[in-house]
Amino acid sequence: MRTLSGVQSSGQLHIGNYYGALRQFLELQNEGEALYFIANLHALTTVRDGELARKLTLECAAAFLALGLDPKKAVLFRQSDIAEVCELYWVLGTVVPNAHLDRAHSYKDKIAKGIAPNLGLYAYPVLMAVDILIYDSDVVPVGKDQKQHIEFARDWATMFNTTYKGEYFKLPNPSIQAATETVPGIDGEKMSKSRKNTIDLFGEEKAVIKAIKSIKTDSTLPEAPKPDGGPLHQLLKVMMPNADWETSWRAGGLGYGKYKDMLIEQYKATFDGPRKRYAELMADPAQIEVVLKDGAERARAISAPVVARVRKAVGL
Ligand code: AMP
């Protein structure tokens, strides 16, 4: 079984990325082959500063390593280091119907938020499909927001295979963890870099504590039972699924502030170690570069036969 997934280097990673995706990545590195990449080409749709883009790519790699990605087990690489991704993006794009891209949720959401439409955003699912298909991936662990993109990858792989009458692309399957498929942000909407509602993994401790303390709550009094479903309740379920906070939540007796303190303690217990390792890694970027170069070579060895197959099929 070959697992593959990626994370965009478009800003600070947050706990939505961790519980929705990265935690699964780390578990799956122990089962079969695992490839994880930093989606720095995708990030170009939002990061418009070369220096910053480079820094964010490095930070993203450091985050993977600090959280426990073992480069001896999993392949960690930069999306842009495999140049053929862009070639196959064009080739696959020639069989992609515009009607599919027109109904892409993530594109529609971005436009609804007021982001100016451009070809990069519109064709994003095509590049993502190639990211997956070029490595003959079997399983793609992701959060729920990416489900439609994996379905597109399957549809387009089938369309390509039918058009060129062969098994050029393998059909991938998503892996989505129901309990953490959509981690809410502090405002109750989906946690996302672009909404500025995040609890960051490697941000300043003060800012993290402030974010947790700002989780939106209602006016239920401390002594009253608390209602289910708000962002604080959901985050407690995501971060502390096995802890006994639920008894008092249902019975009443504690104010919301106490539950926020519990989350702060849990955040520290989970991420203090990775945060320390992250700082050490960022102090020596050369060692990160060594990992990424080695990862690119290993990824290229896997993509090369797929690229050769596709070139032969289309006559390049
Ligand atoms: P991105 O930052 O969009 O590249 O996302 C990286 C991974 O994190 C993807 O698999 C997303 O589905 C996942 N992800 C991002 N935000 C959330 C969230 N709020 N809840 C669950 N998963 C998320």
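Trainee: Outline the site of the ligand, listing residues and values.
Mentor: Residues in contact with the ligand amount to 18 residues; listed here are only the nearest, Gln8, Gly143, Asp145, Val183 and Met191. Glutamine 8 places a main-chain nitrogen or oxygen 2.9 Å from an oxygen atom of the ligand. The side chain of lysine 193 places a nitrogen or oxygen atom 3.0 Å from an oxygen atom of the ligand. Look at the ligand: alone it shows 490 Å² of surface, and the protein chains cover 92% of it.

Trainee: Outline the nonpolar core, listing residues and values.
Mentor: By size, the foremost hydrophobic cluster in this structure holds 54 residues, and its most contacted members are Ile15, Tyr36, Phe64, Leu76, Ile199 and Leu263. Listed by contribution, the elements that provide at least two residues to this core are α1 (15–28), β2 (33–39), α3 (50–67), α9 (205–213), α10 (231–239), α12 (256–282) and α13 (285–314). Top contributing element to this core by residue count: α3, with 9 residues. Two domains each provide a minimum of three residues to this core, namely domain 1 (2–182 + 284–314) and domain 2 (193–279). When residues no more than four places from it in sequence are discounted, the contact partners of leucine 76 are Tyr36, Ile38, Ala61, Phe64, Leu65, Leu69, Val291, Leu292, Gly295 and Ala296. Phe152, Ala153, Ala299 and Ile302 belong to the second-largest nonpolar core, a separate cluster that totals 43 residues.

Trainee: Go over the domain arrangement of the protein chain, please, and point to the residues and values.
Mentor: Once the domains are mapped, the protein chain shows domain 1 (2–182 + 284–314) and domain 2 (193–279). Taking only C-alpha atoms, the centre of domain 1 and the centre of domain 2 are 30 Å apart. For the pairing of domain 1 and domain 2, the buried interface totals around 1600 Å² over both sides, and the portion due to carbon and sulfur atoms is 64%. By the criterion of area lost to domain 2, the three top residues of domain 1 are Ile15, Tyr19 and Ala66, representing 35% of everything that side buries. On inspection of domain 1 and its partner domain 2, the count reaches 6 residue pairs in polar contact (both at pLDDT 80 or more). Counting residues per element, the ones that place at least two in the side of domain 1 that touches domain 2 are α1 and α3. The greatest single-element share of the side of domain 1 that touches domain 2, amounting to 5 residues, is contributed by α3.

Trainee: Hey, could you go over the side chain of asparagine 197 for me, with residue numbers and the actual values?
Mentor: Its location among the elements puts asparagine 197 in the loop between β5 (173–175) and α9. Classification of asparagine 197 by relative accessible area gives buried; the value is 1%. Engagement of the side chain of asparagine 197 in a polar contact is seen with the side chain of aspartate 187, the distance being 2.9 Å. In contact with asparagine 197, other than residues within four places in its own chain, are Gly185, Ile186, Asp187, Glu189, Lys190, Met191 and Ser192.

Trainee: Give a description of the pairing of β2 that names residues and reports values.
Mentor: Taken residue by residue, a regular strand's side chains alternate between the two faces of the sheet. Of all 7 residues that make up β2, 6 are buried, and the element is covered over most of its length. Here strand β1 (residues 2–8) runs beside β2; their pairing, made up of 7 bridges, is parallel. Within β2, the residue paired with glutamine 8 across the bridge is alanine 39. You can see the chain leave β1, run along α1 and come back into β2, and the turn it takes is right-handed. With 4 bridges joining them, β2 and strand β3 (residues 75–78) adopt parallel strand pairing. Bridged to phenylalanine 37 within β3 is phenylalanine 77.

Trainee: Which residues make up α13, and what values do they have?
Mentor: For α13, built from 30 residues, the straight-helix expectation of 44 Å at 1.5 Å per residue is met to within 8% by its first-to-last C-alpha distance of 40 Å. What α13 keeps buried is the set Ile288, Val291, Leu292, Gly295, Ala296, Ala299, Ile302, Ser303, Val306, Val307 and Val310.

Trainee: Before we move on, could you go through the side chain of aspartate 131 and cite the residues and values that matter?
Mentor: Along the polypeptide, aspartate 131 turns up in helix α7 (residues 119–133). We note that aspartate 131 is buried and unpaired, the nearest opposite charge coming from lysine 110 at a distance of 12 Å. There is a polar contact of 3.0 Å between the side chain of aspartate 131 and the side chain of glutamine 79. Contacts of aspartate 131, omitting those with residues within four sequence positions, involve Leu4, Phe37, His42, Gln79 and Val85.

The rules behind these values
Residues numbered from 1 in each chain as written. Predicted model: local features only at pLDDT ≥ 70, side-chain atom pairs only at ≥ 80, totals over all residues. Heavy atoms only, no water. Near = heavy atom within 4 Å. Polar contact = N/O pair within 3.5 Å; in protein donor to acceptor, adjacent residues only side chain to side chain. Areas by Shrake-Rupley, 256 points an atom, 1.4 Å probe, with all protein chains shown as cover. Core = buried A, V, L, I, M, F, W, Y, C linked by side-chain atoms within 4.5 Å. Buried < 20%, exposed > 50% of the residue type's maximum accessible area, 1.4 Å probe, protein only. Helix = DSSP H or I, 4+ residues; strand = E, 2+ residues; numbered from the N terminus. Domains from an automatic or database assignment. Contact = heavy atoms within 4.5 Å. Buried area = accessible area lost by both parts, 1.4 Å probe. Pairing = 2+ DSSP bridges. Right-handed = clockwise from strand over helix to strand, strands pointing away. Expected span 1.5 Å × (residues − 1). Lys, Arg positive; Asp, Glu negative; His and termini not counted. Salt bridge = Lys/Arg side-chain N within 4 Å of Asp/Glu carboxyl O.

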